[in-house]
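Architecture at a glance
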Amino acid sequence: MSQSFPILSDQKQVQQWAITPNAGALTQLAKGIWDCAVQTNQRPLVVLSTAGPLIGVRAALEFNRPKDLSSNIAFLPQVISFTDWLEAAPGAWKFPKKHSDLERWLGVYATLRKHRDLQSWFKAETESGAWGLAQAIIEACDTLSTAVSPQLQKQIHELIQTHQSEQNNLGEICLQRAQTLLDGAVAKVYSGMARKVVDQETKVLLTFWRYTASVSDSAFRNQFAMAAHLEAAKNATPARPLIWVETADPTPIDQEIIGTLLAEYAQYAPVVEARMSWSNVGLWGEAIGTSDAQAKALSNVKQADSKGWRLIAAKRFEELAWAAAKTVEQHLVDGKTNLALVAQDRLVARRARALLSRLGPALNIRDETGWKLSTTRAAAALNSWLELIKAPKDGPSAKTLLEFLQNPFLDLGKILNRDAEVCIGLIAELEDILVGSKAESGWKTFHLAIEGAQENAAKTSSALPSAALFELLQFVRERHHEWLRLKVDCSKAYAQLQTNLQSTGMAQSLEKDSAGKQLLEVLKTFDLSKTQYQEAPIRLSEWLSLLKTVIEGASYQEAGKEAKATLSILPLSSTRMRDFEVVVVVGCDEQQLPAYSEPPLFFSDALNQLLKTSTIAMQFVQQARDLSQLLVSCSDVDLLWQSKSNNGEPLRPSAWIQRLQNQTEWEAISTQLSKRIFEAAPMKMAVAHFEEDLPMPLSMSPSAYKALRDCPYRYYVRSLLGLRKNKEFDEGFDASLAGQTLHKLLKRFYQALKTQEHTNPTLKTNSEQRRAWMEQVLSVYSEQEFAALIEGDARVMGALRDWQKQIPSFVDWQLQREMAGWEYFDGEVKVGFDLPFKDMDGNPKIIRIEGYADRYDVNIDNINLASVIDYKNQRFERVKVRAEHLLDDPQLLIYARAANEGQENHKLAGHRVQQAEWVALKADISKGEQKALRSQEVVDMPEMMQQFSEQITKDVEQLWAKKPMQAFAPEGVCQYCEARGICRKGIW
């Protein structure tokens, strides 16, 4: 039951004041504080145990300011949280230097590094696991320090009063007392067979505690701060009255510490301890905690104004998020401007926030649940650089490189010393080159990809890649090399990172961003230049892991803004003594309400109870009180829960809510989301219709013609509209790189063979010498050609070894072909022909059909007879399939006709191609050299050529006639088609 503010007396003891935590709690508290000011004619000091209600208390004080106050108490009483009050202790500069969390982590981590068996014992072999273990150890040590601090409180107060150097002995005092206390606690909790294991765990923890515990720890610094405040109150004339407001139930150890503080402060000034009285507010017996709690709770439920309580059930996660968003939206429509979304289920709250952000700037959303800084784009930009830093010596993956170069905080103009306009499209150009050439990793591979793009552009007379690409790669490569040769310690690593951020322009860009500015502040904590850890040796991977751990633990503070309404997303505990017009709670099912925090590492719940720290039972009671206060204080409360779990099991509302349902007529209502009614219309086959202004093609490559044969719609999308799928890099090594390299080395091999035949005639007559030379040179050339790729990506080594196993079989095939009368003529030859046709109006037209043929051979007996060969880095079985569908993939026929065209000016002029075949570069050599089939010849070549000429003329004429282009390809073609997402094959 609430009480009026007590009449202050001269008795030097703490006076009690009970406040009912209902809708009028802030008003009652404010009036009592003003009453204290009037009684003492002094401006009282108000200390809150938690910081949440600070703004509400100050607003209530201003609203309830009495009239006709004397001048010395006219200002608002000072309201401050307990933590801030301790930080503002007089003479705090005399206290032992406070160690940052980072310094304490490094201290523990240094010990872990010295004792690898500890890491193994705690299952923390990785850097991130070790940093997590270091945090858990510090938390456990702080718990131990807090547990023994009441026993040391008197000694600490004496030390602070004497102002002598005896403070250095404090660590020894702590350890002597702690050993006995902790051993006693363990003996009470654990027994029997488990004792041996517990003793080992305790011994390890105590070892760390002895190493890390110092007078700089927060538990001991708090004692120094309290002693300093008591000393100031003793010397003040008179001391200010103190009002302690207990907004949350303290742990027994905190209650002991605070009780001692208030009792000593009462010796110098009036002290009032304000506690919450739950007898008229608690809706469940556990929230009241008295002998008649159940009966009192039932009475409170009946007296409560439950008309504004709504219980809403949703079946699925997305439905629950939409229901929460729609509920908030309806309250906004009803004119509510101060709303709260309690995130008992944080995932649902995040999703609801995303939906509510669509309402625009009229709604100010303030997230108090601890939005991680690591989720911002600024942190992602920094992380892209950290991932590149830790890449191996050969270089990063293309994905890692592009993620860094594409981050929005990078200043390409500063890096390349060029205008920003010149750099537009540069990264997109690099990505196209790397994706097109399948250059997946390695600096060498990236350079080869750009060089290959330059050579290809020169061949096709297209635009050359930008010269700035090499400069950009070189810049990033030099920065990467600087990290590899850096002998890392904490100071050098921080300095190097700051230099990188400056040279890339990221520091300036991050400074202009809200999250970026907070990220830079977090990075400043790594400046350990004035600490004992500045030269602490540390591996680069360990330092990067520490950096990511710190960023992961940092919260992002959103900038406030003016809006018509404000929605606060907060945990249940943050609703204490705060005023909201409407509260929406998500996650009110039996699994999430109440929610417990797991006991920290090294501590069981029973051990926590003996150490007088937070236990599950205490958390249960506190949440029952928080929910009771919320329901009683706010007139409109919507409680939402998911009635089915993700695996389809039914979920009931929280047991607390069920107990309320049994006592009141309170039924859950299902979500009523508005549904869109429409008439379903089945999709039909996609058909492309030409636009009149769309230019018709004047040239066509063999691959483009194959696309036209496979699916006209595919050709329309790829070749006419120029649409391309946004390609990505695969996890593994792409075989097309090996295929391109094989084509290149085979041309080099055959050219060397022709040269060697002129300089060494016996190579033609001695078959054994010829075979040995071929195998040796092919192997050497293979090593040389693949060397650059292997340097950039070691996975290419497997492709090289697979090919080297094929070399003897390939040489056998080559010798057999020579015995059949064929001789290598030229390779990688650009050939083509002009195809005459008539457009839809009967006008004669010409289209150019051209491409690059892998190889031409000539017949030794008939110099005018030639053959065309196309290498396929595939198994022979797949090559055979090509022969069955020759007219749909007439690549060889195109090369044959191009060579036979009389008007064409190329090296094959005067030769007649009458034979064509595919050659598989992956023959099945497991069946033996004689059975390793490799080549597949085109059957009925003259007939096929005639059919092909008629077919391609007809296809081109239909194309120019602008007839509708249907998507009719078989599944084998559609499976890897870039246009499938547009034509929606699989739906119609």
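The notes below deal with the structure included here. Because the structure is predicted, anything quoted here is derived from the model rather than measured. (Residues numbered from 1 in each chain as written. Predicted model: local features only at pLDDT ≥ 70, side-chain atom pairs only at ≥ 80, totals over all residues. Heavy atoms only, no water.)

**Quick word on the overall build of the chain**
A tally of helices and strands in the chain yields 38 helices and 20 strands. Sequence separation of at least 24 residues holds for 77% of the intrachain contacts in the chain that already meet a minimum separation of 6. Within the structure as shown, the chain displays about 48700 Å² of accessible surface, and the carbon and sulfur contribution to it stands at 51%. (Helix = DSSP H or I, 4+ residues; strand = E, 2+ residues; numbered from the N terminus. Contact = heavy atoms within 4.5 Å. Areas by Shrake-Rupley, 256 points an atom, 1.4 Å probe, with all protein chains shown as cover.)

**Notes on the nonpolar core**
Leu401, Leu405, Leu434, Val476, Leu497 and Trp543 are the most contacted members of the largest nonpolar core, which has 76 residues in total. No other element matches the eight residues that helix 15 (residues 377–389) contributes to this core. Sequence-distant contacts of Leu401, that is, excluding residues within four places in its chain, are made with Leu388, Pro396, Leu434, Trp443, Phe446, Leu473 and Val476. (Core = buried A, V, L, I, M, F, W, Y, C linked by side-chain atoms within 4.5 Å. Buried < 20%, exposed > 50% of the residue type's maximum accessible area, 1.4 Å probe, protein only.)

**Quick word on the packing of helix 20 (residues 468–485) against helix 21 (residues 490–503)**
How two helices sit against one another is set out by the angle between their axes and by the gap between those axes. Contact geometry of helix 20 with helix 21 gives a least axis separation of 11 Å together with a crossing angle of 175°. Between helix 20 and helix 21, the angle is such that the two are roughly antiparallel. Where helix 20 approaches helix 21, its residues Phe475, Arg479, Glu482 and Trp483 are matched on the opposing element by Ala493, Gln496, Leu497, Asn500 and Ser503. Classifying every residue of the contact of helix 20 with helix 21 gives four nonpolar, three polar and two charged. (Axes fitted to C-alpha atoms, helices over the stretch in contact; angles between N-to-C directions. Parallel < 35°, antiparallel > 145°, perpendicular 65-115°, else oblique. Nonpolar A, V, L, I, M, F, W, Y, C, P; charged D, E, K, R; others polar.)

**Quick word on the pairing of strand 9 (residues 565–570)**
Strand 9 sits mainly inside the fold: six of its six residues count as buried. Of the two faces of strand 9, the one carrying Ala565, Leu567 and Ile569 and the one carrying Thr566, Ser568 and Leu570 are both buried. Inspection of the sheet shows strand 7 (residues 338–343) paired to strand 9 by five bridges, in the parallel sense. Across the sheet, Val342 pairs through a bridge with Leu570, a residue of strand 9. (Pairing = 2+ DSSP bridges.)

**Some remarks on helix 15**
In a regular helix each residue adds 1.5 Å, so 13 residues correspond to 18 Å; helix 15 covers 19 Å between its end C-alpha atoms and thus fits that length. Along helix 15, the residues that are buried comprise Ala378, Ala379, Ala381, Leu382, Ser384, Trp385, Leu386, Leu388 and Ile389. On its buried side, helix 15 packs onto helix 16 (398–405), helix 20, helix 21, helix 22 (506–511), helix 23 (514–524) and helix 24 (540–553). (Expected span 1.5 Å × (residues − 1).)

**Regarding the sheet that holds strand 3 (residues 78–81)**
Ordered in space as 1-5-4-2-3, the five strands form an open sheet in which the pairing is parallel. Looking along the sheet, the strands with just one partner apiece sit at the ends: strand 1 (15–19) and strand 3. In this sheet, adjacent strand axes meet at a mean angle of 20° when their direction is disregarded. Contacts from helix 2 (residues 54–63) reach strand 2 (45–48) and strand 3 within the one sheet, and its direction differs from that of strand 3 by about 170°. This element, helix 10 (residues 252–265), spans strand 4 (242–245) and strand 5 (271–276) of the sheet and lies at about 150° to strand 5.

**Thoughts on the packing of aromatic side chains**
Per the stated rule, a full pass over the model turns up 18 aromatic pairs. Residues Trp385 and Phe404 carry aromatic rings whose centres are separated by 4.8 Å and whose planes lie at 40° to one another, so their mutual orientation is tilted. Taken as a pair, Trp385 in helix 15 and Phe404 in helix 16 lie far apart in primary sequence, 19 residues in all. Comparing Trp385 with Phe404, the two get one shared label, buried. With a centroid separation of 4.6 Å and an interplanar angle of 15°, the aromatic rings of Tyr750 and Tyr824 are classed as stacked. Separated by 74 residues along the polypeptide, Tyr750 in helix 30 (residues 735–759) and Tyr824 in strand 15 (residues 822–838) bring together distant segments of the chain. The exposure class of Tyr824 is buried, given its relative accessible area of 6%. Ring pairs connect the aromatic residues Phe749, Tyr750, Trp773 and Tyr824, which therefore count as one cluster. The ring of Phe475 is capped by Arg479, whose NZ or CZ atom sits 4.6 Å from the centre of that ring. Above the ring of Tyr781, the side-chain terminus of Arg748 is found at 3.9 Å from the ring centroid. (Phe/Tyr/Trp six-rings, centres within 6.5 Å; stacked < 30°, edge-to-face > 60°. Lys NZ or Arg CZ within 6 Å of the ring centre and 35° of its normal.)

**Considerations on helix 14 (residues 346–356)**
Every buried residue of helix 14 is accounted for by Val348, Ala349, Ala352, Arg353, Leu355 and Leu356. All buried residues of helix 14 project into a common sector of 160° when viewed along the axis, lining one side. Contact partners of the buried residues in helix 14: helix 13 (317–333), strand 7, strand 8 (363–367), strand 9 and strand 10 (582–586). The N-cap residue of helix 14 is Asp345: its side-chain oxygen and the backbone nitrogen of Leu347 are 3.2 Å apart. (Arc of directions from axis to C-beta. Polar contact = N/O pair within 3.5 Å; in protein donor to acceptor, adjacent residues only side chain to side chain.)

**A look at the side chain of Ser654**
Looking at the secondary structure, you find Ser654 in the loop between strand 11 (636–642) and helix 27 (655–663). Relative accessible area serves as the criterion here: at 1%, Ser654 is assigned to the buried category. Setting aside anything within four residues of it in sequence, one finds Ser654 in contact with Cys588, Asp589, Glu590, Leu593 and Pro594.

**So, unusual backbone geometry**
Cis geometry is adopted by the peptide bond preceding Pro594, which originates at Leu593 and carries an omega value of 0°. Considering the arrangement of structural elements, one finds Pro594 in the loop between strand 10 and helix 25 (605–610). The phi dihedral of Asp68 falls on the positive side, at around 60°, and the residue is not glycine. By the element assignment, Asp68 lies in the loop between helix 2 and strand 3. For Asp68, a relative accessible area of 81% translates into the label exposed. A positive phi is found at Met577, a non-glycine position, where the angle reads about 50°. Along the chain, the position of Met577 falls in the loop between strand 9 and strand 10.

**Points about the sheet that holds strand 8**
In spatial order, the strands read 8-9-7-10-11-6-12; together these seven strands make up an open sheet with parallel pairing. Edge positions in the sheet fall to strand 8 and strand 12 (669–670), since each has one partner strand and no second. Where strand 8 and strand 9 come together, five bridges link them in parallel fashion. Paired with Asn364 across the strands is Thr566, a residue of strand 9. Lying on the sheet, helix 14 is in contact with strand 7, strand 8, strand 9 and strand 10; it crosses strand 8 at an angle near 155°. Packed on one face of the sheet, helix 26 (residues 616–633) meets strand 6 (309–314), strand 10 and strand 11 and runs near 130° to strand 11.

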